[in-house]
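Listed below, chain by chain, are the residues.
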Amino acid sequence: MGVATKFDGGAPAGGAGAPARGSAARAIADPGPEVDDAAYARVAAVLRSARGLDVAAYKPRWIRRRIALRVRARGCADGLAYAALLEREPTEIDRLNAALTITVSQFFRNRSTFERLAEVVLPPLFERAGPAGIAIWSVGCASGEEPYTMAILLRERFADRLARTPVSILGIDRDRGALDRAAAALYDRERLEEVGDDLTARWFTAAPGGRFALSEAIKAMVAFRQANVFVPDEMPAGPVDLILCRNVLIYFAREEQERLLADFEQRLAPGGFLVLGKAETLVAADRRRFKTVCPWERIYRRPN
């Protein structure tokens, strides 16, 4: 994410990435040749020029580790050899970009979070909603599971209120490929493990290859936008009533986390809600911006 996307660093507990197994786990344990400062600078320049990704926003150790995995995968002698390859092979830029971007998630990931949303967040939003209704953003939405989960939750628990109050759900990510997959809304069985048989039968149909197609009724509730969270002009205009940004901040340097949270504060409507990931928390100035609603589910609210 130099745009709104989720990144995998061997995802922490509760994160969006699938746990490493087998050869993938061994690759992470042995990432490959070290990426020195000169190689890192050349790779960063290519990513900035070709994809608009400023790696300076992220934790350098993690970025170097992901680059090192690609150095190893391509059989390069060192980081400089890989940087040279990157400069002459545009397709490798895509592969490295994909390595920096999480596109794996699940429906109802951390289900308890969605239960709390249904209990303490959505009811007050419906109660105060005006003619414009409720606006919800899923920042770093990857292949769409999170915003679609919100749509299913609304249809299941708030169908009567949806009939009277419009709700817009927007999934935001920097990865065009992930957004294309989100728009297609075809998912492997493993992405539906937390959905349950009843909801699966109600909102999905079997598709070729053992996959599942999301219903058109749910797809119609969600729109998607490619954007970089650090480029304000790319982000949609507020105000927004609920921002889901789960396990995104942990890959940013502290200064960038603070900058993003300050931007969220400005975009949230007074009384709007922010949901972070289980591995994230607010500190210092961030705690002055938001009031804690549910600490264990990382739910916060902008004061009225």
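Starting afresh in each chain, residues are numbered from 1 along the sequence in its written order. The model is predicted, so local features are restricted to residues of pLDDT at least 70 and side-chain atom pairs to those at 80 or more, both for listing and for counting; the totals for chains, interfaces and linings are taken over all residues. With hydrogens and water excluded, all non-hydrogen atoms of the structure serve as input to the side-chain values.

Draft legend 1. The arrangement of the confidence of the model for the protein in detail. Residue-level pLDDT values for the protein average 85, and 87% of them are 70 or greater. pLDDT measures how confident the predictor is about each residue, on a scale from 0 to 100. Contacts between residues were defined by any pair of non-hydrogen atoms, one from each residue, lying within 4.5 Å. Counting contacts from residues 1–29, a segment whose pLDDT is below 50, to residues more than four positions away or on other chains yields 92 contacts.

Draft legend 2. Main features of the pattern of salt bridges. Salt bridge, as used here: a side-chain nitrogen of Lys or Arg that lies within 4 Å of a carboxyl oxygen of Asp or Glu. In this structure the tally under the stated criterion is 20 salt bridges. In this structure, R211 and D188 form a salt bridge, with 3.2 Å as the shortest nitrogen-oxygen distance. Separated by 23 residues along the polypeptide, R211 in strand β5 (residues 211–214) and D188 in the loop between β3 (186–187) and α10 (197–203) bring together distant segments of the chain. Classification of D188 by relative accessible area gives partly exposed; the value is 35%. Across the pair E216 and K219 runs a salt bridge, and its minimum N-O distance is 3.5 Å. Taken together, the residues E216 and K219, both in helix α11 (residues 216–219) and 3 residues apart, mark about one turn of the helix. Here the salt bridges do not stand alone but share partners, grouping R70, R74, E89, E92 and R95 into one network. The secondary structure listing takes helices from DSSP runs of H or I that are at least 4 residues long and strands from runs of E that are at least 2 residues long, numbered from the N terminus. Type-normalised accessible area, obtained with a 1.4 Å probe on protein chains alone, sets the label of each residue: buried when under 20%, exposed when over 50%, and partly exposed for intermediate values.

Draft legend 3. Just the side chain of R289, in detail. Counting through the fold element by element, R289 comes out in helix α13 (residues 285–289). The buried category is assigned to R289, whose relative accessible area is 18%. Contacts described as polar in this section are N or O atom pairs within 3.5 Å, which, within protein, must combine one atom able to donate a hydrogen with one able to accept it, while residues neighboring in sequence count only if both atoms come from side chains. Within polar-contact distance, the side chain of R289 engages the side chain of E265 at 3.3 Å. Once residues lying within four places of it in the same chain are set aside, the contact partners of R289 are E258, L261, A262, E265, R301, R302 and P303.

Draft legend 4. Representation of the nonpolar core in the model. Side-chain atoms within 4.5 Å are what join buried Ala, Val, Leu, Ile, Met, Phe, Trp, Tyr and Cys residues into a set we call a nonpolar core. Grouped together as the largest cluster of nonpolar side chains are 49 residues, with contacts concentrated most on I67, Y82 and I243. With 6 residues, the single largest contributor to this core is helix α2 (residues 37–51). Leave out the neighbours within four places in its chain, and I243 touches W137, V139, F264, L268, F273, L274 and V275. Within the second largest apolar cluster, 38 residues are counted, among which are F126, I152, F212 and L244.

Draft legend 5. Region of the structure containing the environment of G209. Relative to the helices and strands, G209 resides in the loop between β4 (204–207) and β5. Classification of G209 as exposed rests on a relative accessible area of 77%. Separated by 21 residues in the primary sequence, G209 and D188 place their C-alpha atoms 8.8 Å from one another.

Draft legend 6. View of the environment of N228. As for its position among the elements, N228 is in the loop between β6 (222–226) and β7 (240–245). Among the polar contacts made by the side chain of N228, one reaches the main-chain amide nitrogen of F230 at a distance of 2.8 Å.

Draft legend 7. Looking closely at empty space enclosed by the protein. With a 1 Å grid laid over protein atoms only, a set of points is called a cavity when a 1.4 Å probe fits there but cannot get out and a pocket when it is open yet has protein on both sides within 12 Å along at least five of seven lines; lining residues have an atom within 4 Å of a point. Grid points are joined across faces, edges and corners, and a volume is the space filled by probe spheres set on the points. Under the defined criterion, the tally for this structure stands at 1 cavity of 30 Å³ or more. Volume-wise, the largest cavity comes out at about 40 Å³. Taken together, 11 residues make up the lining of the largest cavity; nearest its centre are T113, R246, L276, G277 and K278. Side-chain classes follow a simple rule in which Ala, Val, Leu, Ile, Met, Phe, Trp, Tyr, Cys and Pro form the nonpolar group, Asp, Glu, Lys and Arg form the charged group, and the remainder, Gly included, forms the polar group. Among the residues forming the lining of the largest cavity, the class breakdown is 2 nonpolar, 5 polar and 4 charged.

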